[in-house]
Amino acid sequence: MNFSSLSEIASYIVSDGKGILAADESNPTCTKRFDSIGVESTEDNRRDYRELLFRSEGMKGNIGGVILFDETIRQNAADGTSLVDIITSQGSIPGIKVDKGLQQIGDTEESLTQGLEGLDERLKEYYEIGAKFTKWRAVISIGEGMPSSEAISANMEALAEYAKIVQNNNMVPMVEPEVLMDGNHSIDDCFEATSRCLDTLFACLLDKEVDIKGTILKPNMVTSGSNNSDQANVEEVAQKTIDCLKAYVPDNLPGVTFLSGGQSDIDATAHLDAMNKIGGFNWKLSFSYGRALQQPALKAWMGKKENAILAQQALSHRALMNKLASEGKWDISLEN
Ligand code: 13P
């Protein structure tokens, strides 16, 4: 795959309903996922699991990009092929998570994502290994006095600074301002917090002269807090998310790829499909799911070689369902 500009890379990733497989769990997060199926989180087990995902038939035509963790982008499959080459041979583009995680802001409950120091050097190495896009995740919480304007400004400024450095290194920055679902807040609280983040983020990107046509936005959907007993329905989530995006996201952004953030696999697909059925926006509205794509595959695998095909079928199915949802062509009856 040859691309002559950042906008071509970004547009390819979300072309024809394709989306992103987020497989960039840090080792501690991967250990949590493996604990849930009783599998030891060794370097080889993490490699075997990711290899089986990337070799799934359903990668082709449905997954335009894969986000990797530092360990994974350097790994070879058991037969010696690099995982990067396996991803590329599936018609998918390798990407890399480049932030260094969260640091608490003073004695508050808020955080600032770290990783700007030494970023330029790290990017040069990832580019050589084959990464064509990158991810940086900022985390924003809703609660008493949160999100604070300070936390929003500091995180959105860091996202814009990161995006500029990435583009200077000829890769597409994926900017991820994640407003967490955790809490008992209402969908309107989420709408307000997400609006403040997106408003500030695009002002910062403009200020740093980041090329929007060569950028991908990875936001949360606008939902009720996960502990709220009054959960907004699919239509409300879809409409409020679109309204929020339309107010702040420039028309020339090629793709919005949502995180799943703890939604069930079916909810994440149903919400995406409902938005694309409503339509009326310029950007592609697609997915960059971690848990919502991988959970059924992880459960099918259980760390056993003999389950590899079942696990691959599970991933292929979710990849296809989400591709259809990105085109507004999904229906619950397709899940059986
Ligand atoms: P989830 O879809 O599991 O939220 O993961 C996506 C991701 O990359 C979070 O940073």
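Everything that follows concerns the structure shown earlier in this document.
This write-up is about the structure you can find in this document. What you see is a predicted model; the values in this text were computed from it and never measured.

About the cut-offs
Residues numbered from 1 in each chain as written. Predicted model: local features only at pLDDT ≥ 70, side-chain atom pairs only at ≥ 80, totals over all residues. Heavy atoms only, no water. Axes fitted to C-alpha atoms, helices over the stretch in contact; angles between N-to-C directions. Helix = DSSP H or I, 4+ residues; strand = E, 2+ residues; numbered from the N terminus. Parallel < 35°, antiparallel > 145°, perpendicular 65-115°, else oblique. Left-handed = near helix turned anticlockwise from the far one by under 90°. Contact = heavy atoms within 4.5 Å. Nonpolar A, V, L, I, M, F, W, Y, C, P; charged D, E, K, R; others polar. Buried < 20%, exposed > 50% of the residue type's maximum accessible area, 1.4 Å probe, protein only. Pairing = 2+ DSSP bridges.

**Quick look at the packing of helix 11 (residues 291-301) against helix 12 (residues 308-326)**
Packing of helix 11 against helix 12 brings their axes to within 7 Å, and their N-to-C directions diverge by 165°. The pairing of helix 11 with helix 12 is recorded here as roughly antiparallel in orientation. Of the two possible hands of crossing, helix 11 and helix 12 adopt the one that is right-handed. For the pair helix 11 and helix 12, contact is made by Ala292, Leu293, Pro296, Ala297, Ala300 and Trp301 and by Leu310, Ala311, Ala314, Leu315, Arg318, Ala319 and Asn322, respectively. When its residues are assigned to classes, the contact of helix 11 with helix 12 shows 11 nonpolar, 1 polar and 1 charged.

**As for the pairing of strand 1 (residues 19-23)**
Most of strand 1 is tucked away: 5 of the 5 residues are buried. Examined bridge by bridge, strand 1 and strand 2 (residues 63-68) share 5 bridges and lie parallel to one another. Paired with leucine 21 across the two strands is valine 66, which belongs to strand 2. Sheet analysis places strand 1 next to strand 10 (residues 284-289), joined by 2 bridges and oriented parallel.

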